[in-house]
Amino acid sequence: STGPSGREHDDRARRLAELDVRTVIHPHSVIGAPEEPLILERGDGAMVWDVTGKAYIDGTCGLWQCPVGHGRPELAEAAAEQIAKLEFYSSFGDYSNEPSIRLAERLLELAPPTMRRVFFTNGGSEGNETAIKLARLAHHHAGRPERSVILARTGGYHGMGGGSLAATGIDRLRAGYGPLMPGIEFLAKPHAVRGADVTDALIAEIEERIERIGADRIAAFVGEPVLGVGGMVPPPPDYWPRVQEILRRHGILLILDEVVTAFGRIGHWFGCERYDVEPDIIVTAKGLSSGYIPMGAVLVGERVLDLAGGAAFLHGFTYNGHPVGAAVALANIDILEREGLLARADRLGRRLLDALKPLERLDHVLEVRGVGMMLGVELDRGPDTAAAAAGVQARARADGVIVRASGNTIVLSPPLVIDEQQLDALTRVLTEHVATA
Ligand code: PMP
């Protein structure tokens, strides 16, 4: 064999792990108390391999970002070609590049017809910063500067920046940073546990809150079509159309955070199609480029343009409109389309949900839920629930399956290319460890 011996593998793995612990602060980690890293170095489809050569079925595709799966040569080629031609030039003001123009055209073809323009970003947090500022600016420019309040939801996740974190309704992520951006009002988490009838109460709360604050002080409502980090929670069926009706009546803009739900994850190009809702702004990232390179896009609808037309939008980050990101995104969208991955998300998602649903018979499983390839298994072990969920994550990983504990919920979002055998293997491992959680 020409490959490194098992022993060299192990030595390199150990040295890298020690070095990681001594040098890197990981996102979402404890400073000064690093954990043993899982150092990944190769991927193919729904599989990834670590530096010791151990294989894992990727049950989350990282952080939901990879619908087309790992190791796609077409995407490597798209990036390399663009880097060789023109690696980057800023898009500020009147500068532009062909991949961005082509991608904007493509996104507007795929999006609901009320979407009119695209603002490119590097990811989801930046997208939500952009959406919140744009919604406020639109009203300001239309002569209503007092319309600045943003309605958000408990359990919502919109990112880690000043505005996007302020709109994130997860307490553990907000603590310790002093005052966050003011002007955010939180509504209840839209969660109908085991189909409980809660929509009327959720809708009544929105009406009351708007009444109390005054519609003429509210700029926008921001929400994920399906809560992601907040536990993979699909909304009650008539929630979104009813929310939209209220917002329209009061002149409040609707920002849909589709960072997870767009590009096939729930069986459509955009999640809003599934829920019959027409947002004013759609925020995307992740699946747009399958994470091969950081890329996001904010789609801006006609109502926002009507309000904001002629306003100076002095906002933008250096790498917005990155030609390499745009070239990769175009190639990624081609794969999603060519391989029929949107329909596949629905079909395999239903298979996975059916396979996991029997876990609800266990006393310590509160709910198994999901839509498309966004699924969650919520545990209930009282005060020990988050630790129990983390334990499932750790034991599944030891058995070669990557799942993620998000609070009390084990979240699943495999690449859409995962095959039936991999899905069944994942189900077996997860079922075993949830049963003993
Ligand atoms: N919105 C949602 C719904 C997300 O799930 C995430 C990331 N998990 C973000 C925004 C933030 O995106 P990013 O990490 O790319 O900034």
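Scroll up a little and you will see the structure.
Throughout this description, residue numbers start from 1 for each chain and increase along the sequence as written. This being a predicted model, a pLDDT of at least 70 is required before a residue's local features are given, and a value of 80 or more before pairs of side-chain atoms are given or counted; all residues contribute to the totals for chains, interfaces and linings. Side-chain numbers come from the whole structure's heavy atoms, not from hydrogens or water.

S.K.: For this particular structure, what's the right way to read the sheet that holds strand β13 (residues 401-402)?
M.R.: Strand pairing in a sheet relies on backbone hydrogen bonds, with the paired strands running either antiparallel or parallel. A pair of strands counts as paired when DSSP detects no fewer than two bridges linking them. The helix count covers DSSP runs of H or I at least four residues long, the strand count covers runs of E at least two residues long, and both are numbered beginning at the N terminus. The four strands are arranged β1-β2-β3-β13 in an open sheet whose pairing can be described as mixed. The open sheet terminates on both sides in strands that have one partner only, identified here as β1 (40-44) and β13. With two bridges joining them, strand β3 (residues 55-58) and β13 adopt parallel strand pairing. Each bridged residue has a counterpart across the sheet, and for D58 the counterpart in β13 is I402. In this fold helix α15 (residues 420-435) packs onto β2 (47-50), β3 and β13, with an angle of close to 95° to the strand it touches most, β3. In this description, contact between two residues means that some pair of their heavy atoms is separated by no more than 4.5 Å. Fitting a line to C-alpha atoms yields each axis, with helices limited to the stretch in contact; the angle taken between N-to-C directions then spans 0 to 180 degrees.

S.K.: What's the story with the site of the ligand in this structure? I'm lost.
M.R.: If even one non-hydrogen atom of a residue comes within 4 Å of a molecule or strand, that residue is called near it. As a structural note, the neighbourhood of the ligand is formed by 13 residues, with G124, S125, D257, V260 and K286 the closest of them. As used in this structure description, the phrase polar contact means that two N or O atoms lie within 3.5 Å; if the pair is within protein, one of them must be able to donate a hydrogen and the other to accept it, and residues adjacent in sequence are counted only when both atoms belong to side chains. In the environment of the ligand, a nitrogen atom lies 2.9 Å from a nitrogen or oxygen atom belonging to the side chain of K286. The Shrake-Rupley method, run with a 1.4 Å probe sphere, supplies the accessible areas, and residue values consider only the shown protein chains as cover. Isolated, the ligand exposes 390 Å² of accessible area, and the fraction of that covered by the protein chains is 81%. When residues of the shell around the ligand are assigned to their parent elements, the largest contribution, three residues, is made by helix α5 (residues 124-141). Residue classes follow a fixed rule: Ala, Val, Leu, Ile, Met, Phe, Trp, Tyr, Cys and Pro count as nonpolar, while Asp, Glu, Lys and Arg count as charged, and any other residue, Gly among them, counts as polar. Residue composition of the shell around the ligand, grouped by class: four nonpolar, six polar and three charged.

S.K.: Help me out: how do you make sense of the nonpolar core in this one?
M.R.: Taken as a class, soluble globular proteins show a tendency for nonpolar side chains to be buried jointly. If you look at the biggest cluster of nonpolar residues, it comprises 101 residues, and the most contacted ones within it are L103, L107, F221 and F270. Here this core takes nine residues from helix α12 (residues 323-338), the largest share from any one element. Nine residue types can take part in a nonpolar core, namely buried Ala, Val, Leu, Ile, Met, Phe, Trp, Tyr and Cys, and a core is a set of them joined through side-chain atoms within 4.5 Å. Under the scheme applied here, a residue whose accessible area is under 20% of the maximum for its type counts as buried, over 50% as exposed, and between as partly exposed, the area being computed with a 1.4 Å probe on protein chains only. Core analysis: the second largest hydrophobic core is formed by 24 residues, A152, A166, A167 and V222 among them.

S.K.: Any chance you could explain the sheet that holds strand β15 (residues 409-412) here in plain terms?
M.R.: Across the sheet, four strands lie side by side as β11-β12-β15-β14; this open sheet has antiparallel pairing. Looking at which strands have only one partner, the edges of the open sheet turn out to be β11 (365-371) and β14 (404-406). Along the sheet, successive strands turn relative to each other by an average axial angle of 25°, direction set aside. As judged from the three bridges shared by β14 and β15, these two strands associate in the antiparallel manner. Bridging from a neighbouring strand, R404 pairs with V411 of β15. The sheet contacts of α15 involve β11, β12 (374-379) and β15, and relative to β15 the element is tilted by about 175°.

S.K.: For this particular structure, what's the right way to read the packing of aromatic side chains?
M.R.: Geometry of an aromatic ring pair is reported as the spacing of the ring centres plus the angle between the planes. Stacked, tilted and edge-to-face are the three classes assigned to paired rings of Phe, Tyr and Trp, where Trp is represented by its six-membered ring and a pair needs centres within 6.5 Å; plane angles under 30 degrees give stacked, over 60 edge-to-face, the rest tilted. Across all of its chains, the model carries six aromatic pairs by this definition. Between Y89 and Y95, the aromatic rings sit 5.4 Å apart at their centres with planes inclined by 40°, giving tilted as the arrangement. Judged by relative accessible area, Y89 falls into the partly exposed class, the value being 48%. The exposure class assigned to Y95 is partly exposed, which follows from its relative accessible area of 46%. Here the aromatic rings of F221 and W240 are separated by 6.0 Å at their centres, their planes lie at 80°, and the arrangement is edge-to-face. Here the residue F221 occupies a position in strand β7 (residues 218-223), and W240 occupies one in helix α9 (residues 239-249), the gap between them amounting to 19 residues. By relative accessible area, which is 1% here, W240 ends up buried. In this structure an aromatic cluster arises from ring pairing among F221, Y239 and W240. Here, a charge over a ring is recorded when the distance from Lys NZ or Arg CZ to the ring centre is within 6 Å and its angle to the ring normal is within 35 degrees. The lysine or arginine in question, R42, covers the ring of W49, its NZ or CZ lying 4.1 Å from the ring centre. Here the basic side chain of R404 rests over the ring of W64, its NZ or CZ set 5.3 Å away from the ring centre.

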